[in-house]
Amino acid sequence: MEAKLKKELGTSMLKSTGHSGGGCISEGQSYDTDSGRVFVKINHKSEAKLMFDGEMASLEAILKTETVKVPKPMKVIELDRGGCVFVMEHVDMRSLNKYSKDLGEQLADLHLHNKKQLEILNKEQQTVGKGTGHSEVAAVEKFGFSVATCCGYLPQKNEWQDDWVSFYTQQKLQHQLTMAEKSYGDREAIELWAELQRKIPQFFKDVEIVPALLHGDLWGGNVAESAGGPVIFDPASFYGHSEFELGIAGMFGGFSNSFYSAYHGKIPQAPGFAKRNQLYQLFHYLNHWNHFGGGYRGSSIRIMKNLVK
């Protein structure tokens, strides 16, 4: 692997630094190269390329908004014996602590970025004879993403749709429930889902939803801070409802009150937030059920029962 890395990165030096990291999906290792330190994620699964291509596209999209720091992506490299590596900038990180408030503000900026782009586009279209905008980031009017992204190692459907409720119901929840049905054939889940589907539109009455670029998997293990401020990593991005981001953030802890206060200072909670928050957590509990098995069934069923009451 190291010979291939040297060749692909065009470096004569490739020295392991002893810094390693990784979660339950991929392992990681830092190396010093001729042009600086890099972090390399390694995965030997057959779906590794799909996963890393999605992560690279996600990091590139967030990077272009210039709102919140992410490691700069460099290259996805297929290995000769199967699997893939993903090379990115090495960032010295520690647990999120003093920059919690900043993360709340910067995450809100990320979520508002596309709305601002749309407003600029709108103004330009109303100004006769004015050229198109010069921003590097195009305004996005639909929900979805240009490529499949993986939340964990399972690919998410991200086909573009005009309507958020349809997109979320079909491509996020239905997709997860179809996978769970294939694996477990759980009758109670199937019956609850049939009931819940009919209720979902009620949770979105009088809520205006503008497509927001999301990190997509923002739990406490995917945030940190460096010397200069907060860092987010391991994204599974798509354009969706900004509230979706706060679903998993509330499930496993790791975010302080200052984070939420700063975030909601820029994006206030809309009426019905608590119900929708449960609906957004449902996606992640189903995704965990599909990744890790029946330990997450109970939470998935409980949320569906709460929402159909």
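What counts, and where the lines are drawn
Residues numbered from 1 in each chain as written. Predicted model: local features only at pLDDT ≥ 70, side-chain atom pairs only at ≥ 80, totals over all residues. Heavy atoms only, no water. Core = buried A, V, L, I, M, F, W, Y, C linked by side-chain atoms within 4.5 Å. Buried < 20%, exposed > 50% of the residue type's maximum accessible area, 1.4 Å probe, protein only. Domains from an automatic or database assignment. Contact = heavy atoms within 4.5 Å. Axes fitted to C-alpha atoms, helices over the stretch in contact; angles between N-to-C directions. Helix = DSSP H or I, 4+ residues; strand = E, 2+ residues; numbered from the N terminus. Parallel < 35°, antiparallel > 145°, perpendicular 65-115°, else oblique. Left-handed = near helix turned anticlockwise from the far one by under 90°. Phe/Tyr/Trp six-rings, centres within 6.5 Å; stacked < 30°, edge-to-face > 60°. Lys NZ or Arg CZ within 6 Å of the ring centre and 35° of its normal. Buried area = accessible area lost by both parts, 1.4 Å probe. Salt bridge = Lys/Arg side-chain N within 4 Å of Asp/Glu carboxyl O. Nonpolar A, V, L, I, M, F, W, Y, C, P; charged D, E, K, R; others polar. Expected span 1.5 Å × (residues − 1). Pairing = 2+ DSSP bridges.

For the chain, the name recorded in an unreviewed UniProt entry is protein-ribulosamine 3-kinase, with Takifugu rubripes as its organism.

Asks: Help me out: how do you make sense of the nonpolar core in this one?
Replies: Taken as a class, soluble globular proteins show a tendency for nonpolar side chains to be buried jointly. Counting residues in each nonpolar core, the largest one holds 77 residues, and the members touching the most others are Trp164, Leu173, Leu196, Phe204, Leu279 and Met304. Among the domains, domain 1 (10-92) and domain 2 (95-308) are the pair contributing at least three residues each to this core. With near-sequence residues (within four places) excluded, leucine 196 lies in contact with Phe203, Leu279, Leu282, Met304, Leu307 and Val308. Of all hydrophobic cores here, the second largest spans 10 residues; its members include Leu5, Tyr31, Val40 and Leu79.

Asks: Help me understand the packing of helix 4 (residues 164-184) against helix 8 (residues 273-292) in this model?
Replies: Each pair of packed helices can be summarised by the angle the axes make with each other and by the distance between the axes. Across the interface, helix 4 lies against helix 8 with an axial gap of 9 Å and an inter-helix angle of 30°. One way to sum up the angle between helix 4 and helix 8 is to call them roughly parallel. Every pair of crossing elements has a handedness; the one defined by helix 4 and helix 8 is left-handed. Residues Trp164, Tyr168, Lys172, Leu173, Gln176, Leu177, Met179, Ala180 and Tyr184 of helix 4 form the contact with helix 8, whose own contacting residues are Leu279, Tyr280, Leu282, Phe283, Leu286, Asn287, Trp289 and Asn290.

Asks: Looking at this model, I keep getting lost on the packing of aromatic side chains. Mind explaining?
Replies: Note on aromatic pairs: each is described by the distance of the centres and the angle between the planes. Tallied over the full model, the rule gives 20 aromatic pairs. With a centroid separation of 6.2 Å and 35° between ring planes, the pair formed by tryptophan 160 and tyrosine 239 is classed as tilted. Of this pair, tryptophan 160 sits in the loop between strand 7 (154-156) and helix 4 while tyrosine 239 sits in strand 11 (residues 238-240), and the two are 79 residues apart along the sequence. Judged by its relative accessible area of 8%, tyrosine 239 falls in the buried class. On the basis of an interplanar angle of 20° and a centroid distance of 5.4 Å, the ring pair of tryptophan 164 and tyrosine 168 is categorised as stacked. Note that tryptophan 164 and tyrosine 168 are positioned in helix 4 at a spacing of 4 residues, about one turn of the helix. As far as burial versus exposure is concerned, tryptophan 164 and tyrosine 168 are alike and both buried. The residue whose ring lies beneath lysine 45 is tyrosine 153, and the NZ or CZ to ring-centre distance is 4.4 Å. We note lysine 172 situated over the ring of phenylalanine 238; from NZ or CZ to the ring centre the distance is 4.1 Å.

Asks: I tried to follow the domain arrangement of the chain on my own but got confused; where do I start?
Replies: Reports often express the size of an interface as the amount of accessible area lost when the parts come together. In terms of domain boundaries, the chain breaks down into domain 1 (10-92) and domain 2 (95-308). Relative placement of domain 1 and domain 2: their C-alpha centres are 24 Å apart. Facing 23 residues of domain 1, the contacting portion of domain 2 comprises 29 residues. With both chains or domains summed, domain 1 and domain 2 bury close to 2,100 Å², and 74% of this area falls on carbon and sulfur atoms. Among the residues of domain 1 in contact with domain 2, Lys64, Thr67 and Val68 are the three that bury the most area, contributing 23% of the side total. For the interface between domain 1 and domain 2, the tally reads 1 salt bridge. Residue lysine 41 is joined to aspartate 234 by a salt bridge in which the shortest nitrogen-to-oxygen separation is 2.8 Å. It is helix 2 (residues 48-65) that contributes the most residues to the side of domain 1 that touches domain 2, 11 residues altogether. Class assignment of the residues belonging to the side of domain 1 that touches domain 2 gives a composition of 12 nonpolar, 4 polar and 7 charged.

Asks: I'm lost on helix 9 (residues 297-308) in this one. Help?
Replies: Every α-helical turn comprises 3.6 residues, leaving residues that sit three or four positions apart pointing alike. Taking 1.5 Å per residue as the helical rise, helix 9 with its 12 residues ought to reach 16 Å, and the 17 Å between its terminal C-alpha atoms agrees with that figure. Buried within helix 9 we find Ser299, Ser300, Ile301, Ile303, Met304, Leu307 and Val308. Elements in contact with the buried residues of helix 9: helix 4, helix 5 (187-199) and helix 8.

Asks: Is there a simple way to think about the side chain of asparagine 277 in this case?
Replies: With respect to the helices and strands, the residue asparagine 277 is situated in helix 8. By relative accessible area, which is 16% here, asparagine 277 ends up buried.

Asks: Just checking my understanding: could you explain the sheet that holds strand 5 (residues 84-89) for this structure?
Replies: Within a beta sheet, neighbouring strands are joined by backbone hydrogen bonds and run either parallel or antiparallel to one another. Spatially, 5 strands are ordered 1-2-3-5-4 in an open sheet, and the strand pairing comes out antiparallel. The sheet terminates laterally at strand 1 (14-22) and strand 4 (73-78), the two strands that pair on one side only. In this sheet, neighbouring strand axes are inclined to one another by 25° on average, regardless of whether the strands run parallel or antiparallel. Relative to strand 5, strand 4 runs antiparallel, the two sharing 5 bridges. Looking at the pairing, lysine 75 lines up with valine 87 of strand 5. The strands that helix 1 (residues 2-9) touches are strand 1, strand 2 (27-33), strand 3 (36-43), strand 4 and strand 5; relative to strand 4, the one it contacts most, it runs at about 130°.

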